[in-house]
Amino acid sequence: MILEELKEAVIEGDRELVEELCQKVLDEKINPVEAVENGLIKGIEEIGRLWTDGEMFLPDVMMGADALKAGLDILGPELSKAKAAGDAKEGKGKIVIGTVKGDIHDIGKNIVAAMMTAAGYDVYDIGFDQDAAAFTNKAEEVGAQIIAASALLTTTMGEQKELVDYLKERGLRDKYKVIIGGGPTTQGWADEIGADGWAETANDAVSLCNKLLA
Amino acid sequence: MSKVTLKVLTDEDIRQIHNTSLQLLQEVGIEVEYEPAVEVLKEAGMRVEGRRVFFDPAYVEKKVAEAPHDFTLYARDPKHNVHIGGDDVAYVPGYGAPFVIDAGGNRRPSTWEDYMNLLKLAHMCEEMDLSGGMLVEPNDLDDRTRYLDALYAHIRYSTKCLMGSSYGADGARDTVELLAPVFGGKDAIKEKPVVITLINTISPLKLDARQTGALMEYAKWKQAMVIASLVMAGSTGPATLAGALAVQNAEVLAGITLAQTVNPGTPVVYGSASSITDMRTGSVSIANAEAALLTASTAQLARFYGIPCRAGGGLTDSKTVDGQAGYESALMLMSPVTAGVNFILHTAGILQYWLCMSYEKFIMDAEIAGVIRRFKRSIDVNENTLALDVIKKVGPGGHFLTQIHTKRNHKTEMRKPVLSDRQSYEGWSKEKLTTEQQAARVWKKMLAEYEDPGLDEALQKHLQEYIEARKREITK
Ligand code: B12
């Protein structure tokens, strides 16, 4: 059964197999909404469960998230059509994430992005060394609800404030929830710069998003 | 060579790692994000595509051989000159943490006051051979110019050797400009290096603009550098330690090759802060068996190249001065010292994988470092130490407490603890102090006893003027 196979392929983090199966979904005109909701998503949910139970490690989760993304990329166009026709549920939400300007530390950001993907969010990772404009433009382009900025240096934390200020200056502040994180940051810093949230770990980052969008 | 020499790899292992690194340098290359460095390497005959530099193995081997086997760093007070290399080990305080954890486990952003306190402790602490570098991040100072205040403080308030700024070519130039007048001018320091700076590669296989800019500037002035890689096995490098070492080695060799290309004979230290990724959370874990193995094998690699080595430290993932902090730090100091590492950054003070400093931990680590330095000195075996005469004299059933041999030798033979409690239960139970509480007493006393070593008034004024002018430029 292809739905079961899709789920297993995501759990295995087998990107190529996921791509192959998704192509098959298109070729054989299987319902793409079914393939996503009862195949791919079921897989990532299972990963989330195994992770929480301590039975999976980071590479398992990150490869699972990668495989899921690859599948969604292939089914994307069909899915949009279905969405337009009102057949598919909207996703949990869209998040733009990146590491701020002057900072190239990206491991933490990558992990947070993978966990968000695994939790069912559409995640747009803009990479590292990105300025406030890059975060904002991407958020505007994809219609995100959350902007997530990572900083690992005390000398680049200021860029997180810069992002909040940048949004304010453009009258866009209320349009987005801004969350921040990274080694030297704290809840105190988030409060000081007027961010909407801070989290210390990737799991907390997901809970934070769930809370903010609830 | 020291009698105490920990080895974790065979010569054949080393050769395989070396060959793999050369293959990486040649076939994958290094992404060099600093145009002047790309130019210099291109001119030296390396193949370049964009910013990717493919190193010729023969050239790398030739250049690495031009780096000195050992060198001396000159201090403001000559009694603090440090020899880097051979069997010597130099202890250097923790570096770069943005937080302080106070006794009891409360964490807060570090300040300039912490910086000055730790500087005074580093100056006072006998086990510290250098006063260090960015002892903690002074979060309350302007982040664009705080490196200038930090440098000045080292020059002004300690007479030990210090670490320079790696904040780009500008940071390096400022470091040289501030130190040259203190040490008789730029020509003088070219002969006698007075500063050592941490230059980090970016794993995997990159050299960034800022660090590389600093590297080239320091090489120009023949000032010493630790060229270090920090591979986190499992995330920024392979999960297998051999592969992580191959990546680390390629990066460090690239950095050393660049330094020796700019100025042959520039004193460099082969550095590693490589460690592992915690595969549950992705967090870096800096104190564990794997990290201790990476540390010891780094010493072996550096010896293979005939270059002094930096690795290890009083490292821990713990968030407070507890059992975990103690056993992890002891392991992470024992491994490098016994393996022959020459320069140990982060010897004292670190908590929570380099994110935090602790005054109490500083004292505990200095104690561990002292114990291990003694261990490394090994056992002198000669006529005096074999003590045949005095054993004969005391004979069966006697004791040695009243022998002149004992009185004369115990002071050099046995290290006296600064922190460890050796009291009876009765004695200890009067106050029942934990290590942390005892350490708090030690650092407070040390700080109270700090004496300002002074600095020539005219020189102070000159340095301050330079700094003021630079600050105006930078914040303009
Ligand atoms: C690995 C590392 C590097 C690697 C980075 C590789 C890479 N691709 O990312 C390399 C070697 C390249 C590097 C370079 C440098 N580093 Co560095 N580095 C580290 C180190 C050891 C670990 C960082 C890490 O990846 N941790 C693991 C991840 C999983 O943790 P994390 O990033 O904190 O992320 C978690 C949470 O914070 C949170 N999170 C993260 N982002 C976000 C975002 C949001 C929105 C949310 C909600 C949550 C969240 O979730 C994550 C998962 O749990 C830290 C020390 C430390 N313990 O943090 C130093 C450290 C951050 N580096 C430091 C420094 C100084 C540098 C350098 C300047 C070089 C130097 N002189 O040492 C350069 C800077 C380069 C640049 N321009 O950015 C200092 C910073 C001090 C300061 N001024 O603040 C530190 C603290 C080390 C130290 N004590 O000196 N570094």
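Quick summary incoming for the structure in this document. Not measured: the values here are computed from a predicted model.

### Some thoughts on the overall build of chain B
- Secondary structure summary: chain B contains 18 helices and 21 strands in total.
- Its C-alpha atoms give chain B a radius of gyration of 23 Å, near enough to 23 Å, the size a compact globule of 476 residues would have.
- Principal-axis analysis of the C-alpha atoms gives chain B an extent of 80 × 55 × 50 Å.
- Counting the 476 residues in chain B, one finds 57% classified as buried.
- A sequence separation of at least 24 residues applies to 76% of the contacts in chain B between residues at least 6 apart.
- Per element, the accessible surface of chain B, about 19,900 Å² overall, is 53% carbon and sulfur.
- Each charge sign in chain B was given a centre, from 53 positive and 60 negative side chains, and these centres are 4 Å apart.

### Side note on the nonpolar core
- Residues Leu 130, Ile 196, Phe 343 and Phe 362 of chain B are the most contacted members of the largest nonpolar core, which totals 147 residues.
- For this core, the element with the most residues is helix H9 (residues 241–262) of chain B, which contributes 10 residues.
- Those residues in contact with Phe 343 of chain B that lie beyond four places of it in its chain are Ile 84, Ala 90, Val 92, Leu 130, Met 163, Ile 196, Val 226, Val 269, Cys 309, Arg 310 and Ala 311 of chain B.
- Leu 50, Leu 68, Ile 97 and Ala 113 of chain A belong to the second-largest nonpolar core, a separate cluster that totals 46 residues.

### Topic: the site of the ligand
- Among the 43 residues in the neighbourhood of the ligand, the closest are listed as His 105 and Ser 150 of chain A together with Asn 200, Tyr 353 and Trp 354 of chain B.
- Gly 102 of chain A has a polar backbone atom sitting 3.1 Å from a nitrogen atom of the ligand.
- At a separation of 2.7 Å, a nitrogen atom of the ligand approaches a polar side-chain atom of Ser 150 of chain A.
- Residue assignment for the shell around the ligand shows that the elements contributing at least two residues are helix H5 (107–118), strand E3 (146–150), strand E4 (177–181) and helix H9 (202–213) of chain A.
- Top element by residues in the shell around the ligand is H5 of chain A. It accounts for four residues.
- A breakdown of the residues in the shell around the ligand according to their chemical character gives 22 nonpolar, 17 polar and four charged.

### Some thoughts on the interface of chain A and chain B
- Facing the 19 residues of chain A at the interface are 20 residues of chain B.
- Considering only the surface of chain A that becomes buried against chain B, Ile 107, Thr 154 and Thr 155 of chain A emerge as the three largest contributors, covering 35% of it.
- Summed over the shared surface of chain A and chain B, the result is zero salt bridges.
- The tally of links between chain A and chain B comes to five residue pairs in polar contact (both at pLDDT 80 or more).
- Those elements giving two or more residues to the side of chain A that touches chain B turn out to be helix H4 (58–84) and H5 of chain A.
- Across the side of chain A that touches chain B, the residue classes break down as 10 nonpolar, seven polar and two charged.

### Here we look at a negative patch on the surface
Residues and elements named next belong to chain A.
- On the surface, Glu 4, Glu 5, Glu 8, Glu 12, Asp 14, Glu 16, Glu 20 and Asp 60 cluster together to form a negatively charged patch.
- Among the elements of the structure, helix H1 (2–12) and helix H2 (15–27) are those that each provide at least two residues to the negative patch.
- Along the polypeptide, Asp 60 turns up in helix H4.
- Here Asp 60 falls in the partly exposed class, since its relative accessible area comes to 31%.

### A look at the packing of aromatic side chains
All names here are of chain B.
- Taken as a whole and judged by the stated rule, the model has six aromatic pairs over all chains.
- Ring geometry for Tyr 425 and Trp 428: centres 5.8 Å apart, planes at 50°, overall tilted. Residue Tyr 425 and its partner Trp 428 are located together in helix H16 (residues 425–429), separated by three residues, close to a single helical turn.
- For Trp 428, a relative accessible area of 29% corresponds to the partly exposed category.

### Re the pattern of salt bridges
All names here are of chain B.
- Counted by the stated rule, this structure contains 35 salt bridges over all chains.
- The salt bridge partner of Asp 142 is Arg 144, with a shortest N-O separation of 2.9 Å.
- A relative accessible area of 39% means that Arg 144 is categorised as partly exposed.
- Of the charged contacts, one joins Lys 361 and Asp 365 as a salt bridge, the two residues approaching to 2.8 Å between their closest N and O atoms. You can see Lys 361 and its partner Asp 365 sitting in helix H12 (residues 359–377), four residues apart, about one turn around the helix. Considered together, Lys 361 and Asp 365 belong to a single accessibility category, that of buried residues.
- One network of salt bridges, with partners in common, ties together Glu 127, Asp 129, Glu 367, Arg 373 and Arg 415.

### Notes on the pairing of strand E11 (residues 195–200) of chain B
Residue and element names in this part refer to chain B.
- Among the six residues that make up E11, five are buried, leaving the element largely enclosed by the rest of the structure.
- As paired strands, strand E10 (residues 161–163) and E11 are joined by two bridges and run parallel to one another. Along E11, the bridge assignment pairs Leu 162 with Val 195.
- Taken together, the five bridges between E11 and strand E13 (residues 224–229) define a ladder with parallel strand orientation.

### Focus: unusual backbone geometry
- Cis geometry marks the peptide bond from Ser 203 of chain B to Pro 204 of chain B, where omega comes out at -5°.
- The phi dihedral of Asp 129 of chain A is positive, around 55°, even though this residue is not glycine.
- Relative to the helices and strands, Asp 129 of chain A is located in the loop between strand E2 (122–125) and helix H6 (132–142).
- Accessibility expressed as a relative area gives 41% for Asp 129 of chain A, which makes it partly exposed.
- Of note in this structure, Trp 354 of chain B is not a glycine but carries a positive phi near 75°.

### Some details on helix H2 (residues 35–43) of chain B
Residue and element names in this part refer to chain B.
- Among the residues of H2, those classed as buried are Ala 37, Val 38 and Leu 41. For H2, the buried positions fall inside an angular range of 100° around the axis, keeping them on one side.
- Check the buried side of H2 and you find it contacts strand E1 (30–32), strand E2 (47–49), strand E3 (52–54), helix H8 (209–220) and H9.
- Just past H2, the residue Gly 45 takes up positive phi, approximately 105°.

About the criteria used
Numbers given to residues run from 1 along each chain, matching the order in which its sequence is written. In the order they appear in the text, chains get letters beginning with A and ligands get numbers beginning with 1. Given that this is a predicted model, residues contribute local features only at a pLDDT of at least 70 and side-chain atom pairs are listed and counted only at 80 or more, while totals for whole chains, interfaces and linings are drawn from all residues. Excluded from the side-chain calculation are hydrogens and water; included are all heavy atoms of the structure. Under the scheme used here, helices are H or I runs from DSSP no shorter than 4 residues and strands are E runs no shorter than 2 residues, and both carry numbers assigned from the N terminus. Throughout, radius of gyration means the C-alpha value; the globule benchmark is 2.2 Å times the number of residues raised to the power 0.38. Residue exposure (1.4 Å probe, protein chains only): buried if accessible area is under 20% of the type maximum, exposed if over 50%, otherwise partly exposed. Only heavy atoms matter for contacts: two residues are in contact if any of them lie within 4.5 Å across the pair. For every accessible area listed, the method is Shrake-Rupley and the probe measures 1.4 Å; residues are considered covered only by the protein chains on display. When charges are tallied, Lys and Arg are placed among the positive residues and Asp and Glu among the negative ones, while His and the ends of the chain are skipped. The location of each charge is read from NZ of Lys, CZ of Arg, CG of Asp or CD of Glu. Here, nonpolar core refers to any group of buried Ala, Val, Leu, Ile, Met, Phe, Trp, Tyr and Cys residues whose side-chain atoms link them within 4.5 Å. In this text, near means that some heavy atom of the residue lies within 4 Å of the molecule or strand in question. Distance and chemistry together define a polar contact, namely a pair of N or O atoms within 3.5 Å, with one atom able to donate a hydrogen and the other to accept it when in protein, and with adjacent residues in sequence counting only for side-chain atoms on both sides. Three classes are used: nonpolar for Ala, Val, Leu, Ile, Met, Phe, Trp, Tyr, Cys and Pro, charged for Asp, Glu, Lys and Arg, and polar for all others, with Gly counted as polar. Buried area adds together the accessible area that both of two parts lose upon being put together, with accessible area traced by a 1.4 Å probe. Whenever a carboxyl oxygen of Asp or Glu lies within 4 Å of a side-chain nitrogen of Lys or Arg, that contact is scored as a salt bridge. Like charges within 9 Å and nonpolar side chains (Val, Leu, Ile, Met, Phe, Trp, Tyr) within 5 Å are joined into patches, using only residues over 30% in relative accessible area that form no salt bridge. Paired rings are identified among Phe, Tyr and Trp, the last through its six-membered ring, by centres lying within 6.5 Å, and are further divided according to the angle between planes into stacked (under 30 degrees), edge-to-face (over 60) and tilted (the rest). Paired strands, in this sense, are two strands between which DSSP finds at least two bridges. Throughout, the arc means the angular range of directions from the helix axis out to the C-beta atoms.

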